[in-house]
Amino acid sequence: SLSAGLDLPGRCLFATLTLMTLIAILVFIEEAVYIYRKIPSSKRSIIIWINAAAPVISTTSCIGMWVPRSTMFTDFTAGIFFAIVIHKFLMMMIKECGGQKMLLRRFENGRFTISTGPCCCCCLCLPRVPITRQTLFWLKLGTFQFAVLRPVLIFLSIVLWTNGNYVLYSMSPKGPALWISCFLGALTLFALWAVGIMFRKVRILLKCKNIIPKFALYQFIVILSQLQNTIINIFATQKIIPCAPPLSSTARGSYIAQQLLIMEMFLITVVSRIVYRRKYHDLEPLERAAEEPGDKKQPP
């Protein structure tokens, strides 16, 4: 078994990382109970979903660490959950503005700046798009397509893998792994682009809601769970990470990625509890601004 092949420092490391995962789960459960009791029902489920991202990734990494053969399934489970969380974060920003109708009223004459990362940060010549129901629909579609298509592609990858046609981390153009990975990368960029466009517009309005630290935590989850894993896996496949018998280079790279994620997601879970648990001031209602011109029209 895996534990039998570990020396004493290895067993202490595995026990410590497992304990960190259990603490992260308990912190999330306590936070979910608090959110369920204190947060309005319209925003309750969205905030719970976003807070669950770090402990879920930590749990899947811990399972993959103890059961190496389950890495394919644990990585895909974390990927599906991550895709849903991206859509939920966009919806949270809309909810914090008071909903779609209130957001359209607040930015009635405003425009979205689409020259933002990660897709078009260098394309400064792009025009600014007016904020309408149609543009909001396209932004929501940008994250919703990721939440729908990524599970479909992951399911297709598992089917091909069980049949022996899908080789994980394979860079061969003849295999499906490279093409599925490239398509998933494009879908990810479009989803992150939609969230970036919305955040750039509402970050000043939602400053009282501490949206900047929340967005920073969301960005850390994106970078650590996606970019960090990709870099480590590339290093492992290119033999930059040396093998350490009985572990091959790819297996050792997978272990390193999983152990780093457990520690990082534990810290993000603790910080998220602090950021999301604070009480914030509500946005100033628009009724005052709407009443002022109406009062002038009233007869004396």
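Residues numbered from 1 in each chain as written. Predicted model: local features only at pLDDT ≥ 70, side-chain atom pairs only at ≥ 80, totals over all residues. Heavy atoms only, no water.

Peer 1: Looking at this structure, how should I read the packing of aromatic side chains?
Peer 2: Two descriptors summarise a pair of aromatic rings, namely the distance from one centre to the other and the angle between the planes of the rings. Across all of its chains, the model carries 10 aromatic pairs by this definition. On the basis of an interplanar angle of 55° and a centroid distance of 6.2 Å, the ring pair of Phe 14 and Tyr 255 is categorised as tilted. Residue Phe 14 is found in helix H1 (residues 8–38), and its partner Tyr 255 is found in helix H8 (residues 249–277); the two are separated by 241 residues along the sequence. The pair Phe 14 / Tyr 255 is uniform in exposure class, with both members buried. When the ring of Trp 49 is compared with that of Phe 81, the centres are 5.1 Å apart and the planes differ by 25°; the resulting orientation is stacked. Taken as a pair, Trp 49 in helix H2 (residues 41–66) and Phe 81 in helix H3 (residues 71–96) lie far apart in primary sequence, 32 residues in all. By relative accessible area, which is 16% here, Phe 81 ends up buried. Ring pairs connect the aromatic residues Phe 89, Phe 199, Phe 215 and Tyr 218, which therefore count as one cluster. Over the ring of Tyr 36 we find Arg 44, and its NZ or CZ is 4.6 Å from the ring centre. (Phe/Tyr/Trp six-rings, centres within 6.5 Å; stacked < 30°, edge-to-face > 60°. Helix = DSSP H or I, 4+ residues; strand = E, 2+ residues; numbered from the N terminus. Buried < 20%, exposed > 50% of the residue type's maximum accessible area, 1.4 Å probe, protein only. Lys NZ or Arg CZ within 6 Å of the ring centre and 35° of its normal.)

Peer 1: Can you walk me through the side chain of Thr 143 in this structure?
Peer 2: Along the chain, Thr 143 turns up in helix H5 (residues 133–162). The buried category is assigned to Thr 143, whose relative accessible area is 0%. Within polar-contact distance, the side chain of Thr 143 engages the backbone oxygen of Lys 140 at 3.1 Å. Residue contacts for Thr 143: discarding those within four places in its chain leaves Ile 86, His 87, Leu 90, Ala 191, Ala 194 and Val 195. (Polar contact = N/O pair within 3.5 Å; in protein donor to acceptor, adjacent residues only side chain to side chain. Contact = heavy atoms within 4.5 Å.)

Peer 1: What is the right way to look at H2 in this model?
Peer 2: Three- or four-residue spacings in an α-helix give side chains the same orientation, since the helix completes a turn every 3.6 residues. Here H2 is 26 residues long and its end C-alpha atoms lie 38 Å apart, about the 38 Å a rise of 1.5 Å per residue gives. Of all the bends in H2, the largest measures some 35° and sits at Ala 53, one to four residues before the proline Pro 55. (Expected span 1.5 Å × (residues − 1). Bend = angle between axes of the 7 residues up to and from the residue.)

Peer 1: Hey, could you run me through a nonpolar patch on the surface in this one?
Peer 2: Together, Phe 137, Trp 138, Leu 141, Phe 144, Val 148, Leu 149 and Val 152 line one region of the surface with nonpolar side chains, adding up to about 660 Å² of accessible area. Residue position: Phe 144 is located in helix H5. (Patch = residues over 30% accessible without salt bridge, like charges linked within 9 Å, V, L, I, M, F, W, Y side chains within 5 Å. Areas by Shrake-Rupley, 256 points an atom, 1.4 Å probe, with all protein chains shown as cover. Salt bridge = Lys/Arg side-chain N within 4 Å of Asp/Glu carboxyl O.)

Peer 1: Any chance you could explain the nonpolar core here in plain terms?
Peer 2: A general tendency of soluble globular proteins is for nonpolar side chains to be buried together. Within the largest apolar cluster, 66 residues are counted, with the highest numbers of intra-cluster contacts made by Phe 89, Met 93, Leu 103 and Met 198. Elements with a contribution of two residues or more to this core: H1, H2, H3, helix H4 (100–106), H5, helix H6 (176–202), helix H7 (211–237) and H8. In terms of residue count, H3 provides more of this core than any other element does, 14 residues in total. In contact with Phe 89, other than residues within four places in its own chain, are Ile 50, Val 195, Lys 214, Phe 215, Tyr 218 and Tyr 276. (Core = buried A, V, L, I, M, F, W, Y, C linked by side-chain atoms within 4.5 Å.)

Peer 1: Looking at this structure, how should I read the pattern of salt bridges?
Peer 2: Should their charged atoms come close, side chains of opposite charge can pair. Following the criterion strictly, the structure yields 4 salt bridges and no others. Ionic pairing is found between Lys 43 and Glu 96, a salt bridge with its closest N-O pair at 3.3 Å. Taken together, the residues span a long stretch of sequence, with Lys 43 in helix H2 and Glu 96 in helix H3 at a distance of 53 residues. In this pair, the class of Lys 43 matches that of Glu 96, namely buried. Its salt-bridge partner being Glu 96, residue Lys 209 comes within 3.7 Å of it at the nearest N-O pair. Here Lys 209, found in the loop between H6 and H7, pairs with Glu 96, found in helix H3; they are 113 residues apart in sequence, far enough to count as distant. Taken as a pair, Lys 209 and Glu 96 share a single burial class, namely buried. Put simply, Lys 43, Glu 96, Lys 209 and Lys 214 are held in one network by salt bridges that share partners.

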